[in-house]
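# Overview (structure and organization)
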Amino acid sequence: MSSSSAVPAAKPPIRDALVAAAFRLFLERGFEQTTVDDIVALAGVGRRSFFRYFPSKEDVVFPDHEGCLADMTAFLAASGPEHEPVRRVCDAARLVLRMYAENPAFSVQRYRLTRQVPGLRAYELSVVWRYERALAEYLRGRFSGRPDGTLRADVIAAAVVAAHNNALRSWLRSDGVGDAGAAVDHALAYVQMTYARPTDAPAVWRGPAGAGPEPAEDVVVLVSRRDAPLWRVVQELETVLDRP
């Protein structure tokens, strides 16, 4: 008669073990009071293993941002002329939301920690700036040659990041309750409504019955806020028509 032996649980990857150990200690002792030696001791690995994955103690708080930034950069690089640029950068921002939403408990925990430690808050702002720079670089390429193209790119990139973060942080403050995707979609829709360029569609007048089709004409539809000043409307029209 053979006896079955229990299969030992697989150990988590070293990187995940380091993150888990770090956050456990941060919550128990505080960020400043926790050392790298404390983290590796709890994770059961050596210091060399820690620095193989994380350049500093701050980096272990944001273990997924480098991968997300790489995904965003690749997503934007794969864009074609058929993609409306403002909508494209909004879709790129949703990649960041997906990263947070995949593990709500960890995301809320990290949010609370960064609110308590000024150094982590500063680090987080540097990460946010890198996302904004990636969006702006893509938009600068799409708006190259247009009047105020660089200015427009930088303003839209900043608006996308601000709208995304406004909705994301509201969700995090609620302890991850509710639909984060719906909140971010609502915020980004405001950016698209304000800055996206309407898709130009050719209109064909077919004339009386039996007449041949007239040459297609370009029809431009400009959407503007009701309270927008006239100079802003004219500026937007000139941008759409690519006139200086």
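Computed from a predicted model, the values in this text were never measured in an experiment.

What follows deals with the packing of aromatic side chains. In this structure the tally under the stated criterion is seven aromatic pairs. Ring geometry for Phe26 versus Phe31: centroids 4.9 Å apart, planes at 55°, classification tilted. Measuring from ring centre to ring centre gives 5.7 Å for Phe50 and Phe54, while their planes differ by 50°; the resulting arrangement is tilted. Overall, the relative accessible area of 0% leaves Phe50 in the buried class. By relative accessible area, which is 2% here, Phe54 ends up buried. Looking at Lys57, its charged tip hangs above the ring of Phe31, at a distance of 4.3 Å from the centre. Over the aromatic face of Phe75 sits the side chain of Arg88, whose NZ or CZ is 3.8 Å from the ring centroid.

In this section: the side chain of Ser49. Residue placement: Ser49 occurs in helix 3 (residues 47–53). The exposure class of Ser49 is buried, given its relative accessible area of 13%. Residues within four places of Ser49 in sequence aside, it is in contact with Ile14 and Leu18.

Per-chain confidence: the chain averages 83 in pLDDT, with 76% of residues scoring 70 or above. Contacts of residues 1–5 to residues separated by more than four positions or lying in other chains number zero contacts, the stretch itself having pLDDT below 50. Every residue in residues 199–219 is under pLDDT 50, and counting partners more than four places away or in other chains gives 15 contacts.

Thresholds, definitions, all that
Residues numbered from 1 in each chain as written. Predicted model: local features only at pLDDT ≥ 70, side-chain atom pairs only at ≥ 80, totals over all residues. Heavy atoms only, no water. Phe/Tyr/Trp six-rings, centres within 6.5 Å; stacked < 30°, edge-to-face > 60°. Buried < 20%, exposed > 50% of the residue type's maximum accessible area, 1.4 Å probe, protein only. Lys NZ or Arg CZ within 6 Å of the ring centre and 35° of its normal. Helix = DSSP H or I, 4+ residues; strand = E, 2+ residues; numbered from the N terminus. Contact = heavy atoms within 4.5 Å. pLDDT = per-residue confidence, 0-100.

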